[in-house]
Amino acid sequence: MEKRFCFILLLLLFACNSVAQHRIDEPLPEALPLHFTEVDSDTEFMQEFTASIPSLVTTEYSVNNVVPIRYFRPKEKEGSLPTVVILHYWGANNLVVERSLAKELARRGMASAVVTLPYHLERTPQGFRSGQLAIQPDISHLISMMQQAVLDVRSVVRALMVTSGVDSTKLMLTGTSLGSIVAANVYALEPEINAAAFIVGGVDLAHILWHSSLVVKQRDALRSKGYTEARVRTELADIEPLNFLGQRSASGKTLVIGGRFDTVVPAVDTEKLIQALPSGQHLWLETGHYGGIFV
């Protein structure tokens, strides 16, 4: 009986270690072109397509292991187009904001690809709200979620580079709130991305988690487990954008948009992102977090 228990324990430890082996900067397998299916478009000037790829990170929820992509392209526009990868905010239950941006880009002759982040929208397991499982009072789960998100988006970027109709020399990236944090890591790790806009996001994840007005319950739960901000910072080191942005060797254009009165992603953490991108531009809005999104 004791030997059987030890064997089961070893299996569990192996499973935990296999999950932990994923790193956001790990080499990716060779990318395959995306295969798009056209869907009805709600505008006269924009085509909409869908595609999906398998996630490199396997979770217990099969619905979360597929990465849906919505691809938008201006109608009657031939050839390879500049393309923007768009990442949504935490808890998004629709893509109204992202579709609005896609329409504006299409008006300007650009394509876009909206990527669904882990545990959101179509990737939401039954019985949960969109995004509910993304940020939990469990540091190991938070790390795994960010690893999956970054690897998923990196995989989409690589796939777009070999997809017909995409100008791989003009590949850009933007994210809002949580999407901005994911985008910061992806931008740091994918030199092929030559421009990025970060909307009401920031860096120093431990400080965000410990001071954000949106995660009070999660923070209180972590405190009850003995966590401090310093301990969280140490444990989140492998997914911290600050630890990767300085390694980016390829030049690129960046824009950081922050809300001066943001308490969800504290303005001080947006300022840290600005400082981490010294050659980039920034814009401060006289708003809080949600005003920044809708402006």
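For the structure, check the block above.
Calculation criteria
- Residues numbered from 1 in each chain as written.
- Predicted model: local features only at pLDDT ≥ 70, side-chain atom pairs only at ≥ 80, totals over all residues.
- Heavy atoms only, no water.
- Salt bridge = Lys/Arg side-chain N within 4 Å of Asp/Glu carboxyl O.
- Helix = DSSP H or I, 4+ residues; strand = E, 2+ residues; numbered from the N terminus.
- Buried < 20%, exposed > 50% of the residue type's maximum accessible area, 1.4 Å probe, protein only.
- 1 Å grid on protein atoms, 1.4 Å probe; cavity = no way out; pocket = protein on both sides within 12 Å on 5 of 7 lines; lining within 4 Å.
- Points joined across faces, edges and corners; volume = space filled by probe spheres on them.
- Nonpolar A, V, L, I, M, F, W, Y, C, P; charged D, E, K, R; others polar.
- Phe/Tyr/Trp six-rings, centres within 6.5 Å; stacked < 30°, edge-to-face > 60°.
- Lys NZ or Arg CZ within 6 Å of the ring centre and 35° of its normal.
- Patch = residues over 30% accessible without salt bridge, like charges linked within 9 Å, V, L, I, M, F, W, Y side chains within 5 Å.
- Areas by Shrake-Rupley, 256 points an atom, 1.4 Å probe, with all protein chains shown as cover.

## A word on the pattern of salt bridges
Pairs can form between side chains of opposite charge whenever their charged atoms are close.
For step 1, the next point in the chain: All chains considered together, the criterion is met by 16 salt bridges.
For step 2, the next point in the chain: Aspartate 152 is the partner of arginine 123 in a salt bridge, and the nearest nitrogen-oxygen pair spans 2.9 Å. Highlighted residues: arginine 123 in the loop between β5 (111-115) and α3 (139-161) and aspartate 152 in helix α3, separated in sequence by 29 residues. Each member of the pair, arginine 123 together with aspartate 152, is buried.
For step 3, the next point in the chain: Here glutamate 229 ties to arginine 233 by a salt bridge, and the two come within 2.8 Å at their closest N and O atoms. Pair noted here: glutamate 229 and arginine 233 are both in helix α7 (residues 229-235), with a separation of four residues, about one helical turn.
For step 4, the next point in the chain: Taking relative accessible area as the criterion, glutamate 229 reaches 18% and is therefore assigned buried.

## Here's the deal with the layout of surface pockets
For step 1, the next point in the chain: Computed from the structure, the largest pocket encloses a volume of approximately 750 Å³.
For step 2, the next point in the chain: Along the walls of the largest pocket sit 33 residues, with Leu101, Thr174, Ala197, Ile199 and Ile257 positioned nearest its centre.
For step 3, the next point in the chain: Among the elements of the structure, β4 (81-87), α2 (96-107), β6 (166-176), β7 (193-199), β8 (253-259), β9 (281-285) and α10 (289-294) are those that each provide at least two residues to the lining of the largest pocket.
For step 4, the next point in the chain: In terms of residues, the lining of the largest pocket owes the most to one element, α2, which gives six residues.
For step 5, the next point in the chain: Split into classes, the residues belonging to the lining of the largest pocket amount to 20 nonpolar, nine polar and four charged.

## Re the packing of aromatic side chains
For step 1, the next point in the chain: Applying the stated criterion across every chain, the model contains six aromatic pairs.
For step 2, the next point in the chain: Ring geometry for tyrosine 187 versus phenylalanine 198: centroids 6.0 Å apart, planes at 80°, classification edge-to-face. Within this pair, whereas tyrosine 187 is found in helix α4 (residues 178-189), its partner phenylalanine 198 is found in strand β7, the two being separated by 11 residues in sequence.
For step 3, the next point in the chain: Using a relative accessible area of 0% as the deciding quantity, one classes phenylalanine 198 as buried.
For step 4, the next point in the chain: Over the aromatic face of tyrosine 227 sits the side chain of arginine 231, whose NZ or CZ is 3.8 Å from the ring centroid.
For step 5, the next point in the chain: Across from the ring centre of tyrosine 187, 3.7 Å away, lies the NZ or CZ of arginine 248, which sits over that ring.

## So, a nonpolar patch on the surface
For step 1, the next point in the chain: Side chains of Leu214, Tyr290 and Phe294 sit close together on the surface and give an oily, nonpolar patch of about 340 Å² of accessible area.
For step 2, the next point in the chain: Looking at the secondary structure, you find tyrosine 290 in helix α10.
For step 3, the next point in the chain: For tyrosine 290, a relative accessible area of 44% puts it in the partly exposed group.

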